[in-house]
Amino acid sequence: MMTSSEMRHAGPARGQHLIFIAVTLMYWASLYTYVPILSPYLDHLGASYAFAGLVLGSYGFIQIVLRLPLGIASDRMKARKPYIMLGMLTTTISCICFAWGEHLGLALSGRIISGIGASTWAAFTVLYASYYSQEQATRAMSLISLLTASGQLMGMSVSGYLVKTWGWSSTFWVGGAIGAAGLLLSIGLKEPKGGAAREPIRFKDLLSVMKEPLLLKVSLLSILAHSVLFITMFGFTPSHALALGASEMDLTLLVFAFMIPHAFSNYISGKVAAPKLGSWTVVLLGFVVSALCTVSISLVTSFHWLLVTQVLNGFFQGLHFPLLLGLAIQHIKQEKRATAMGFYQAVYAVGMFAGPFLAGWLNEFGGLKSGFYFAGLLGLAASVLTVRWGRAYAHGTRLLADKTKEAPVSQL
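This one's a predicted model, so the numbers in the text were calculated from it and none came from an experiment.

## Considering the overall build of the protein chain
And step 1. Counting secondary structure elements, the protein chain contains 16 helices and zero strands.
And step 2. A buried classification covers 53% of the 412 residues belonging to the protein chain.
And step 3. Considering only contacts in the protein chain between residues 6 or more positions apart, those separated by 24 or more positions represent 85%.
And step 4. For the protein chain, the exposed area adds up to about 17900 Å²; of that, 69% sits on carbon and sulfur atoms.

## Looking at the pattern of salt bridges
And step 1. Applying the stated criterion across every chain, the model contains one salt bridge.
And step 2. Taking the shortest distance from any N to any O, the salt bridge between Asp75 and Arg80 comes out at 2.8 Å. An identical accessibility class is assigned to Asp75 and Arg80; each is buried.

## A word on the environment of Tyr128
And step 1. By secondary structure assignment, the location of Tyr128 is in helix H7 (residues 121–130).
And step 2. Sequence spacing of Tyr128 and His17 is 111 residues, and the spatial spacing of their C-alpha atoms is 8.6 Å.

## Here's the deal with the nonpolar core
The tendency in soluble globular proteins is for nonpolar side chains to be buried as a group.
And step 1. Membership of the largest hydrophobic core comes to 108 residues, with the highest contact counts inside it found for Phe20, Tyr32 and Phe234.
And step 2. Setting aside anything within four residues of it in sequence, one finds Phe20 in contact with Phe124, Leu127, Tyr128, Tyr131, Ile144, Leu147 and Leu189.

## What about the confidence of the model for the protein chain?
And step 1. Taken residue by residue, the protein chain gives an average pLDDT of 87. The fraction at 70 or more is 87%.
And step 2. Within the model, pLDDT remains below 50 along residues 1–10, and this stretch shows eleven contacts once partners closer than five positions in the same chain are excluded.
And step 3. Taken together, the stretch residues 398–412 has pLDDT below 50 and engages in two contacts with residues farther than four places along the chain or on a different chain.

## Re the packing of helix H5 (residues 81–100) against H7
And step 1. For the pair H5 and H7, the least separation of the axes is 8 Å and the interaxial angle reads 140°. The pairing of H5 with H7 is recorded here as oblique in orientation. Note that H5 runs across H7; the crossing there is left-handed. Of the residues in H7, those in contact with Tyr83, Ile84 and Met88 of H5 are Ala123, Phe124 and Leu127.
And step 2. For the contact of H5 with H7, the per-class residue count stands at six nonpolar, no polar and no charged.

What counts and what doesn't
Residues numbered from 1 in each chain as written. Predicted model: local features only at pLDDT ≥ 70, side-chain atom pairs only at ≥ 80, totals over all residues. Heavy atoms only, no water. Helix = DSSP H or I, 4+ residues; strand = E, 2+ residues; numbered from the N terminus. Buried < 20%, exposed > 50% of the residue type's maximum accessible area, 1.4 Å probe, protein only. Contact = heavy atoms within 4.5 Å. Areas by Shrake-Rupley, 256 points an atom, 1.4 Å probe, with all protein chains shown as cover. Salt bridge = Lys/Arg side-chain N within 4 Å of Asp/Glu carboxyl O. Core = buried A, V, L, I, M, F, W, Y, C linked by side-chain atoms within 4.5 Å. pLDDT = per-residue confidence, 0-100. Axes fitted to C-alpha atoms, helices over the stretch in contact; angles between N-to-C directions. Parallel < 35°, antiparallel > 145°, perpendicular 65-115°, else oblique. Left-handed = near helix turned anticlockwise from the far one by under 90°. Nonpolar A, V, L, I, M, F, W, Y, C, P; charged D, E, K, R; others polar.

Following this line, the structure appears as structure tokens:
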């Protein structure tokens, strides 16, 4: 019989691997099934742009509050399965809230509960990593990133068809059914004996990691990046598509136009682009072009040209997310990386909240296009900061290299 360490080295058992893949796909599909039609649905309910911004942003606000505490609780319990099941349960309840009736209060409640579900994501990643040896951790994270993009795409791609064929509530009922199936399937997940352990997130380490300048700078860039994303494709772009004459079915094209290039650039940014151009250069390229594409959303006059902006926007927005994640923990000691990552994930959720919330208020007074101009300005601000900090980082790296070369052998 294989020991637990031998099992981790060999990778997860096939049955467990398949269960985890299915649960993860259902988790993201349930969370994202209604995202492309959420802002149009709020328009349908008669919500003001300001209230729509509140609903869209509440998803991120809850994650600001809960992500870190849930991660700490999970680490202390050395248990991930209960939190995975909590995630599946809350995504299901979220969809049911929306489906229960066409009411703005239910819509806000449903989106808040979806934020609770999204706050449990760290438990998925830690459990999956525990199935593998330390040497296979990179492979595990690559696979789970692919599952994330795939689940989101699966959920988002059907929403337009469901609305067109069976009405608004059908999208929410389908999302709830997917979540319920994932909840039942998650009962079959197994944790390693002793729990899926990792170095726990500790409050006492928070102050020390928060003093790391690079982590703070990258966290701010990630806030701006998530603000742009949740104002555009995960926010008001679908409403703009309908205003240009698109049908509910056309929203599926909009999803594919954005998400497929987005997933592709996520995959190549760290493996291909960064080694050739440098991480800071690729991050800058992503911010500059996505900012221009976001501003152009307000300028296009047809749905077909909107699709073109989304292909480019999806690709270039996808470039910087993986690289920012790597830069965030680059200077953090191994034993404090879990704390740093928990801080980083909680902080970038500020962008998920603040971006659509502020854009909603701007849209209220200046029309739908003003939010895209605002998002474009955020992208340009991120570009300026990236140039400044990237140059400073490169300069510091060169100085360190020069000092290392000049140092006597006894000091090395």
